[in-house]
Protein chains: 4
Amino acid sequence: MAEPTRERPTQAQRRDGTRQRLLDSATELFSQSGYHGTQVMDIVSKAHVSAGTFYRYFEDKQAIFFAIAQKLADHELQEAKKTHVLFSTAADFASTVTSMVQYYEAHFERVLAQAALYRCLLHSGVVDPARDHLWKMNERSTAALADHLRNAGITDTRDHESLARMILGIGAELRFSMIHSGQPTAARAARLATRCVIGALAAFTTQLPSHLKPSEQVWAATLQRLTLVE
Amino acid sequence: MAEPTRERPTQAQRRDGTRQRLLDSATELFSQSGYHGTQVMDIVSKAHVSAGTFYRYFEDKQAIFFAIAQKLADHELQEAKKTHVLFSTAADFASTVTSMVQYYEAHFERVLAQAALYRCLLHSGVVDPARDHLWKMNERSTAALADHLRNAGITDTRDHESLARMILGIGAELRFSMIHSGQPTAARAARLATRCVIGALAAFTTQLPSHLKPSEQVWAATLQRLTLVE
Amino acid sequence: MAEPTRERPTQAQRRDGTRQRLLDSATELFSQSGYHGTQVMDIVSKAHVSAGTFYRYFEDKQAIFFAIAQKLADHELQEAKKTHVLFSTAADFASTVTSMVQYYEAHFERVLAQAALYRCLLHSGVVDPARDHLWKMNERSTAALADHLRNAGITDTRDHESLARMILGIGAELRFSMIHSGQPTAARAARLATRCVIGALAAFTTQLPSHLKPSEQVWAATLQRLTLVE
Amino acid sequence: MAEPTRERPTQAQRRDGTRQRLLDSATELFSQSGYHGTQVMDIVSKAHVSAGTFYRYFEDKQAIFFAIAQKLADHELQEAKKTHVLFSTAADFASTVTSMVQYYEAHFERVLAQAALYRCLLHSGVVDPARDHLWKMNERSTAALADHLRNAGITDTRDHESLARMILGIGAELRFSMIHSGQPTAARAARLATRCVIGALAAFTTQLPSHLKPSEQVWAATLQRLTLVE
DNA sequence: GATGAATGAGTCTTCATTCAT
DNA sequence: TATGAATGAAGACTCATTCAT
């Protein structure tokens, strides 16, 4: 007889439901119109609650913005960690590339929905460093990748932070294009990004012991494989 | 010896002076406080003109913002095109790389010098697709680079747009970091970016006739030179 | 005996109350100072609400003006239609004239009672063809009267629109005078207008079958009666 | 050798020319958009003079408005007197009617251009009785017609003012329609107005000595003639 | 006399936030 | 606890008028 889902929801459940609806509405609206282009009234209308209710869940308009930012940042950090593992654990080049393609493909499919939000959050024009966890998260994400690059034995540069940024930039612009024009597809984007990244990394791994570097054949074959997709 | 145009700072000159003062004031204020943190009244006060005068020169607040953005974007596009030409005409690899470093260094220096303005433009949160010259400029940059890549004989991918985006992304993230933390320096950023970009491009130029590709020695030497900076 | 709707003057009732207070305040102020002489702040102050509240109920300043005009025009059109019906159904001339006098008297009394408002509406100088309900109402009045004249069997002219306009013009100028000088009184104006209108109509009903036209005696007696008022 | 038109205009002539251009521009703009819908800048642009020049010729915006009003009022008064003569001098009915048609036709053709202005001036929302000569002129025009009606021997009413207004109203609405819809044509409007007016007057001339009234045949024939136009 | 750049008080309108019901 | 009417400070924008050139 226990059908918890059919019983009327507890206070706490309703509370969470309302809060979640507000967050969802705000997320969509911020993504579309930016922080300043979104009014509290728009958010509450979309969430089917009243203006007053909003302020029971969030102190003010910035609060919901930062709540979203926080959530996204947490999520991104976790995802980023998964990626970086690739760089450090892969025993051989071929499997690294394969994993990288798989990761990017999953990544692009997954983040498409969030990319607009991500960009909005970073470029929102909200300036309140004291509360800006998002920016810190972004930095932490970069730092994590930098660490992995360092551990992977890259010694051609000591500025692994910047290298990490550049590599993240490769994906960022592709993602941005996908949101706005739908081009390229996740599958192709993954190949392009992988190819681009391994090329970039190659330029920073001249000092790697030769047994860790792919032979010329492997390199050619790998690029060949990445090309086949188009 | 009669230079009548210099004698009386005529109407036209006063006009231009006023317009310039408004642009300067706005640039500084937008840099400091962002678009939404700056009031029209602040701009006119700083420029020592009245509210009404502002609207003689700019249709509304957004107009002056876009005028500033446009000017910066135009300049960048010009500079970028100068360099991109190299991709297609450069006789030899070494000079291409040298030019690329020079371009990047100049670019990053400009960015550093006007970091606050860049930050404002990128983070303004102004969303008005109908008038967003900034966004159009970005697309034009991409298109211009894509064209050059195509002309340079890159046939490993037919999606030169995406390749262009990825390359621009490399610089974008670096710029973003410089704007916020001042790191890395323009000189180092230029080397890093160049190295990263030529690596990335190498991964897309497997089909280039061998006489166009750098020999292994040249390649190694080039990377070596790019490394020396640190 | 439970009348819950009367117990608590609910939201909806408060809403209507506020809207009505705004309309009343605006009506009075527009009457006194005209459209351009009245500020939104004046209206809200008089209605004891805040500036923001105004815009919950009316899109902008013009909207409340047109709301007032519309209401008055609607009412007048209703009243006019009631009378115009007489033109087509009236069995005999005498009762038509009696009704016409009654209608005009009521109309002119309304005008006198709200002379200032009428003056404001007529002289507001608001020119916005896209939203000018007043103008549309005027056209609707003309069309309605033209229809009735047509149905009444007037065939001396096929331009019933123009005939309608001329008849409406008779009343309009009288109204205009009453608004500004209070002269003539509603009672006399009604007789004058009726007499003038039936004279004018007589000049357009030569082809009416004779049994529908008043005999010379009836005509003379009618005019006599209309004269008695002075 | 005397070609005064080719010699360069005197100061005084240029002054008058400029003033006239300003008046013409203002007239057209006020007619189209009303007083409040017309900006001083619009007027000076149309007149090809600078903002400052405007204030050399007119004290302020209201001054040019009243200058136009004054001129129109003077003109109207003169024209009105011509008409009214018809009522008092015509020896016989038939020639009165003929003259009336001619007058109305000329009137409608002439005033079409000014009617919009006329209405704008009366309904402009400019409220400054101290300077409002136009309103007084309007009253004088009414008074003049009233006098003529009185002199013509109309004794059915003593309120010749109101009668005059009603008669003027007949033409006013027709004129207004002609401006906005182009309907009816001046020729038809003249017949319609004449017919309407003589009908209206007939209803106020029951006490005229019979030798002054048209016989039934003349009446019928007159109306017949007025009808032929359609 | 003419010009047109500059003025600035005046208004409308917005929207995050509060609070009585 | 939810509602939504009310708040009011804030800010963009206008336009008749002035005045240095």
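First, a word on what this report is: a plain description of the structure on this page. Values in this document were obtained by computation on a predicted structure and should not be read as measured data.

The subject of this paragraph is the overall build of chain A. Across its full length, chain A holds nine helices and zero strands. Secondary structure of chain A in N-to-C order comes out as α-α-α-α-α-α-α-α-α. Looking at chain A residue by residue over its 230 residues, the buried ones come to 47%. Intrachain contacts of chain A at a sequence separation of at least 6 include 69% that bridge at least 24 residues.

Bringing the interface of chain C and chain D into the picture now. Residue-level contacts link 39 residues of chain C with 41 residues of chain D. Carbon and sulfur atoms supply 65% of the area that chain C and chain D bury against each other, a total of about 3400 Å² over both sides. Three residues stand out in chain C for area buried against chain D, namely Arg165(C), Met166(C) and Arg195(C), and they jointly supply 16% of the buried area on that side. Our count for the contact surface shared by chain C and chain D stands at four salt bridges.

Take the relation of the copies chain A and chain B next. Superposing chain A onto chain B takes a rotation of 179° combined with a translation of 0.6 Å along the rotation axis, leaving an RMSD of 1.5 Å. What the rotation and shift describe, once combined, is the action of a two-fold rotation axis. In this assembly, 93% of the residues forming the interface of chain A have copies in chain B that are likewise at the interface, indicating an isologous arrangement.

DNA strand F sits among 32 residues. The nearest are Arg56(A), Thr18(C), Gly52(C), Arg56(C) and Tyr57(C). Sugar and phosphate atoms represent 68% of those atoms of DNA strand F found within 4 Å of the protein. Between DNA strand F and the protein, one listed contact pairs a phosphate oxygen with a backbone N or O atom of Val40(B) at 3.4 Å. Of all the secondary structure elements, the ones that give two or more residues to the surface near DNA strand F are helix H3 (51–57) of chain A, helix H4 (51–57) of chain B, helix H2 (11–33) and helix H4 (51–57) of chain C together with helix H3 (51–57) of chain D.

Right, let's talk about the relation of the copies chain C and chain D for a bit. Rotating chain C by 179° about the axis while translating it 0.6 Å along that axis superimposes it on chain D, leaving an RMSD of 1.5 Å. Of the interface residues in chain C, 97% have counterparts in chain D that sit at the interface too, so the contact is made through matching surfaces.

Here we come to the protein's contact with DNA strand E. Close to DNA strand E lie 33 residues, the nearest being Thr18(B), Gly52(B), Arg56(B), Tyr57(B) and Gln39(C). Atoms of DNA strand E within 4 Å of the protein: sugar and phosphate make up 68%, bases the balance. At 2.7 Å from a phosphate oxygen of DNA strand E is found a main-chain nitrogen or oxygen belonging to Ser50(B). Between a phosphate oxygen of DNA strand E and a side-chain N or O atom of Gln39(C), the distance comes to 2.7 Å. Listing elements by their share of the surface near DNA strand E, those giving two or more residues are H3 of chain A, helix H2 (11–33) and H4 of chain B, H4 of chain C together with H3 of chain D. Looking at the surface near DNA strand E residue by residue, the classes come out as 10 nonpolar, 13 polar and 10 charged.

In this section: the interface of chain A and chain B. Between chain A and chain B, the contact holds 41 residues from the first and 39 residues from the second. Note on chain A versus chain B: buried area summed over both sides is about 3500 Å², and carbon and sulfur give 65% of it. When the shortest N-O distance is used, the salt bridge between Arg188(B) and Asp159(A) registers 2.8 Å. Counting across the chain A and chain B interface gives eight residue pairs in polar contact (both at pLDDT 80 or more). Elements represented by at least two residues in the side of chain A that touches chain B include exactly helix H1 (11–33), helix H6 (133–151), helix H7 (160–181), helix H8 (186–202) and helix H9 (216–228) of chain A. Broken down by element, the residue count for the side of chain A that touches chain B peaks at 12 residues, all from H7(A). Of the residues that constitute the side of chain A that touches chain B, the class distribution is 16 nonpolar, 16 polar and nine charged.

All names here are of chain B. Taking 1.5 Å per residue as the helical rise, helix H9 (residues 160–181) with its 22 residues ought to reach 32 Å, and the 32 Å between its terminal C-alpha atoms agrees with that figure. Here H9 lies mainly inside the structure; 16 of its 22 residues are buried. Note on H9: the residue one or two positions beyond its end, Gly182, has a positive phi of about 80°.

Before going further, it helps to examine the packing of aromatic side chains. Overall, the coordinates contain 36 aromatic pairs over all chains when judged by the stated rule. Judged by centre distance (5.1 Å) and plane angle (75°), the ring pair of Tyr35(C) and Phe65(C) falls under edge-to-face. Within this pair, whereas Tyr35(C) is found in the loop between H2 and helix H3 (40–46), its partner Phe65(C) is found in helix H5 (residues 61–89), the two being separated by 30 residues in sequence. Across this residue pair, the class does not change: Tyr35(C) and Phe65(C) are buried. Three or more aromatic residues joined by ring pairs form one cluster here, namely Phe30(A), Tyr35(A), Phe65(A) and Phe66(A). The ring of Tyr35(B) is capped by Lys61(B), whose NZ or CZ atom sits 4.5 Å from the centre of that ring.

About the thresholds
- Residues numbered from 1 in each chain as written.
- Chains lettered and ligands numbered in written order.
- Predicted model: local features only at pLDDT ≥ 70, side-chain atom pairs only at ≥ 80, totals over all residues.
- Heavy atoms only, no water.
- Helix = DSSP H or I, 4+ residues; strand = E, 2+ residues; numbered from the N terminus.
- Buried < 20%, exposed > 50% of the residue type's maximum accessible area, 1.4 Å probe, protein only.
- Contact = heavy atoms within 4.5 Å.
- Buried area = accessible area lost by both parts, 1.4 Å probe.
- Salt bridge = Lys/Arg side-chain N within 4 Å of Asp/Glu carboxyl O.
- Least-squares fit on C-alpha atoms with pLDDT ≥ 70 in both.
- Near = heavy atom within 4 Å.
- Polar contact = N/O pair within 3.5 Å; in protein donor to acceptor, adjacent residues only side chain to side chain.
- Nonpolar A, V, L, I, M, F, W, Y, C, P; charged D, E, K, R; others polar.
- Expected span 1.5 Å × (residues − 1).
- Phe/Tyr/Trp six-rings, centres within 6.5 Å; stacked < 30°, edge-to-face > 60°.
- Lys NZ or Arg CZ within 6 Å of the ring centre and 35° of its normal.

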